[in-house]
Amino acid sequence: MKSYYVISRAINYGKTQVALGGSDSALLDAQLLLQHVLGCDRQYLYMHPEQVLEDQQWQDYRTLIEKRRDGYPVAHLVGHRDFWDLTLAVNDSTLIPRPDSEILVERALLLALKDDAKVLELGTGTGAIALALANERPRWQLTALDKSAEAVQLATTNRDRNGLTDRLTLLQSDWFAALKAAQRFDLIISNPPYIDPDDAHLQLGDVRFEPRSALVADDQGYADLRFIIEQAPAYLNPGAWVMLEHGFAQGPKVRAFFSEKGYEKVNTVTDYANLDRVTFA
Ligand code: GLN
């Protein structure tokens, strides 16, 4: 099909189509997909509203818009997602990094840890949290692990592309299993799976395209949160912290798990929607 579409009209078309598919960020989605096809930044789209798309560009864009309308996450269609101040490669083997998880980074940076603190991230996925911390704290000694070999591979790519190769050790491990018994950390941080297997939320939006192993946990979503809280003390230095992301209604139980296990200074902080999201102790 011949393209008579200029940038501004293509965006309007894309926005309408994507909204039909139920996206609540239709304009941004269309812009990100057109940026991907044109290889430009967002500002370029605003500066060149009358630029005519080449036929191939229009066809590539339409294909992406249709996939987005069918529910595919924008991050999967363009292959990357920004997190903190890093651009990370993403694919369907891990969770897509979310702004909510930036709360973990923000709070971790506020802890009074020593300059060369040892930090462990459990279930790193794309590597987002550990890499953001590595980038912010050049002297911290970071280790991140994931059960999935594909995730470790993706996190390795992201680490190397962001110039953080010698800042982060990556391991394939089912939670603590591959760690040496003698290893101790000053902070253990994680965004584990925490969704109840029966949660209707799993039928909506991007989560349909993400691995269940990164999202869902037994015992109404509490199994992994609880496991980490119970196992972590064996790997903690005196005065160390454990910091976990969890569901907005899970704060009371997560605080109780921490307290029952004898942790002190148990604290929950809220996300950008003012909902309980991160508890540390
Ligand atoms: N916050 C994510 C969501 O609700 C889930 C992340 C997780 O399970 N760790 O889509």
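Cut-offs applied
Residues numbered from 1 in each chain as written. Predicted model: local features only at pLDDT ≥ 70, side-chain atom pairs only at ≥ 80, totals over all residues. UniProt positions renumbered as here; feature names shortened; annotations may be inferred. Helix = DSSP H or I, 4+ residues; strand = E, 2+ residues; numbered from the N terminus. Buried ≥ 20, exposed ≤ 12 C-beta atoms within 10 Å, placed from the backbone. Contact = placed C-beta atoms within 7 Å. Pairing = 2+ DSSP bridges. Axes fitted to C-alpha atoms, helices over the stretch in contact; angles between N-to-C directions. pLDDT = per-residue confidence, 0-100. Left-handed = near helix turned anticlockwise from the far one by under 90°. Nonpolar A, V, L, I, M, F, W, Y, C, P; charged D, E, K, R; others polar. Near = placed C-beta within 6 Å. Domains from an automatic or database assignment. Right-handed = clockwise from strand over helix to strand, strands pointing away.

- Under an unreviewed UniProt entry, the protein has the name Release factor glutamine methyltransferase and belongs to Aliidiomarina soli.
- Check the Function (unreviewed entry) section of the UniProt entry for the protein; it says "Methylates the class 1 translation termination release factors RF1/PrfA and RF2/PrfB on the glutamine residue of the universally conserved GGQ motif."

## Here's the deal with the overall build of the protein
No. 1: Helix and strand counts for the protein stand at 10 helices and nine strands.
No. 2: The C-alpha extent of the protein, read off along each of the three principal axes, is 65 × 40 × 30 Å.
No. 3: Within the protein, the fraction of its 281 residues that count as buried is 39%.
No. 4: A separation threshold of at least 6 residues defines the contact pool for the protein, and within that pool the share at least 24 residues apart is 66%.

## Quick look at the sheet that holds strand 3 (residues 118–122)
No. 1: Pairing is mixed in the open sheet, where seven strands are placed in the order 5-4-3-6-7-9-8. On the outer flanks of this sheet lie strand 5 (168–172) and strand 8 (267–270), each paired with one strand and no other. Taken pair by pair, the neighbouring strands of this sheet meet at an average axis angle of 20°, ignoring direction.
No. 2: Direction of pairing for strand 4 (residues 141–146) relative to strand 5: parallel, over a ladder of five bridges.

## Description of the confidence of the model for the protein
When pLDDT drops low, the exact placement of atoms in the prediction is not to be read closely.
No. 1: Chain-level pLDDT for the protein is 96 on average; 99% of the residues reach the 70-or-more range.
No. 2: Among the scores for the predicted complex, ipTM is 0.92 and pTM is 0.94.

## Some remarks on the UniProt feature "domain: Release factor glutamine methyltransferase N-terminal" (unreviewed entry) in the protein
No. 1: In this structure's numbering, the residues bearing the UniProt feature "domain: Release factor glutamine methyltransferase N-terminal" (unreviewed entry) are residues 10–79.
No. 2: The distance separating the terminal C-alpha atoms of residues 10–79 is 21 Å; by composition the span is 71% helix and 0% strand.

## Considering the packing of helix 2 (residues 26–38) against helix 4 (residues 55–69)
Relative placement of two packed helices is described by the angle separating their axes and the distance separating the axes.
No. 1: Interaxial distance between helix 2 and helix 4 falls to 9 Å at its minimum, and their mutual angle equals 145°. Judged by the twist between their axes, the crossing of helix 2 over helix 4 is right-handed. Only Gln57, Asp60, Tyr61, Leu64, Ile65 and Arg68 of helix 4 make contact with helix 2, whose side of the interface consists of Asp29, Ala30, Leu33, Leu34, Val37 and Leu38.
No. 2: Grouping the amino acids of the contact of helix 2 with helix 4 by side-chain chemistry returns eight nonpolar, one polar and three charged.

## Section: the site of the ligand
No. 1: The ligand sits among Leu95, Arg98, Asp100, Asn191, Pro193, Tyr194, Ile195, Val207 and Leu215.
No. 2: In terms of residue class, the shell around the ligand is made up of six nonpolar, one polar and two charged.

## Looking at the UniProt feature "domain: Methyltransferase small" (unreviewed entry) in the protein
No. 1: Per the UniProt entry, the sites bearing "domain: Methyltransferase small" (unreviewed entry) are residues 109–203 in this numbering.
No. 2: Split by type, residues 109–203 is 25% helix and 23% strand. Its first and last C-alpha atoms lie 34 Å apart.

## Considerations on the domain arrangement of the protein
No. 1: For the protein, the assigned domains read domain 1 (7–78) and domain 2 (81–280).
No. 2: Centre-to-centre, using C-alpha coordinates, domain 1 lies 32 Å away from domain 2.
No. 3: Its residues assigned to classes, the side of domain 1 that touches domain 2 comprises three nonpolar, two polar and no charged.

## Some points on the pairing of strand 4
No. 1: For strand 4, a buried count of five out of six residues is recorded, marking the element as mostly surrounded by other parts of the structure.
No. 2: Where strand 3 and strand 4 come together, five bridges link them in parallel fashion. Counted as the bridge partner of Glu121 is Ala144 from strand 4.
No. 3: On the question of chirality, the crossover connecting strand 3 to the parallel strand 4 by way of helix 7 (residues 128–136) is right-handed.

## Thoughts on the environment of Glu66
No. 1: Examined against the element boundaries, Glu66 turns out to sit in helix 4.
No. 2: The partly exposed category is assigned to Glu66, around which 14 C-beta atoms lie within 10 Å.
No. 3: In this structure the C-alpha to C-alpha distance between Glu66 and Val18, which are 48 residues apart in sequence, comes to 7.6 Å.

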